Amino acid sequence: MDNCIFCKIAKGDIPVKKLYEDEQVVAFNDVNPQAPTHVLVIPHTHIATLNDLTHDNQYLIGHMATVAAKIAKDVGHAENGYRLVMNCNQDGGQSVFHIHMHLLSGRQMEWPPG
Ligand code: 5GP
Ligand code: ZN
């Protein structure tokens, strides 16, 4: 997608420090962190929202969660815990329409979320 900022990050057209990358996903720090660790895990493939998941691409979500859990472990937050978030559309608070998983850790999270 030509105008998608996360497609550009995944392709390397917008440089970011990649914390993890493989053929399926890329992970990098959120530009506006909401916790001591705030990492985004995105697929290389452009999928606009969770509503666009299909039988063919659903496996990506499990992989994204596995990568996020590995990063939480690498930064030493797995034991204390962390939160994984995926926002969908307006009510979910989604602002970038290329699916992404937020890894938030390093502080006590609250419930219910805002
Ligand atoms: P959403 O609100 O869609 O769930 O999350 C989008 C996230 O992407 C936000 O937390 C926002 O700070 C982050 N973000 C938006 N643009 C950029 C960018 O250009 N670089 C990085 N690293 N993060 C971004
Ligand atoms: Zn995209």
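Quick look at helix H2 (residues 59-74)
In step 1: Taking 1.5 Å of rise per residue, 16 residues should cover 22 Å, and H2 covers 23 Å from first to last C-alpha, within 8% of that figure.
In step 2: Buried within H2 are the following residues: Leu60, Ile61, Met64, Val67, Ala68, Ile71 and Ala72. Looking straight down H2, one finds that the buried residues subtend no more than 140° of arc, so they occupy a single side. Residues of H2 that are exposed and point more than 90 degrees away from the buried face comprise Thr66 and Lys73.
In step 3: For H2, the elements touching its buried residues are strand E1 (18-21), strand E2 (25-29), strand E3 (37-43), strand E4 (82-85) and strand E5 (101-105).
In step 4: Positive backbone phi, approximately 85°, marks Gly76, located one or two places after H2.

Observations concerning the nonpolar core
In step 1: By size, the foremost hydrophobic cluster in this structure holds 15 residues, and its most contacted members are Val39, Val41, Met64, Ile71, Met101 and Leu103.
In step 2: Elements that contribute at least two residues to this core include exactly E2, E3, H2 and E5.
In step 3: For this core, the element with the highest residue contribution is H2, accounting for seven residues.
In step 4: Beyond its immediate chain neighbours, meaning those up to four positions away, Met64 contacts Val25, Val41, Ile42, Pro43, Met86, Ile99, His100 and Met101.
In step 5: Listed in part, the 10 residues of the second largest apolar core include Ile9, Phe28, Leu40 and Ile42.

Reading the values: rules and limits
- Residues numbered from 1 in each chain as written.
- Chains lettered and ligands numbered in written order.
- Predicted model: local features only at pLDDT ≥ 70, side-chain atom pairs only at ≥ 80, totals over all residues.
- Heavy atoms only, no water.
- Helix = DSSP H or I, 4+ residues; strand = E, 2+ residues; numbered from the N terminus.
- Expected span 1.5 Å × (residues − 1).
- Buried < 20%, exposed > 50% of the residue type's maximum accessible area, 1.4 Å probe, protein only.
- Arc of directions from axis to C-beta.
- Contact = heavy atoms within 4.5 Å.
- Core = buried A, V, L, I, M, F, W, Y, C linked by side-chain atoms within 4.5 Å.

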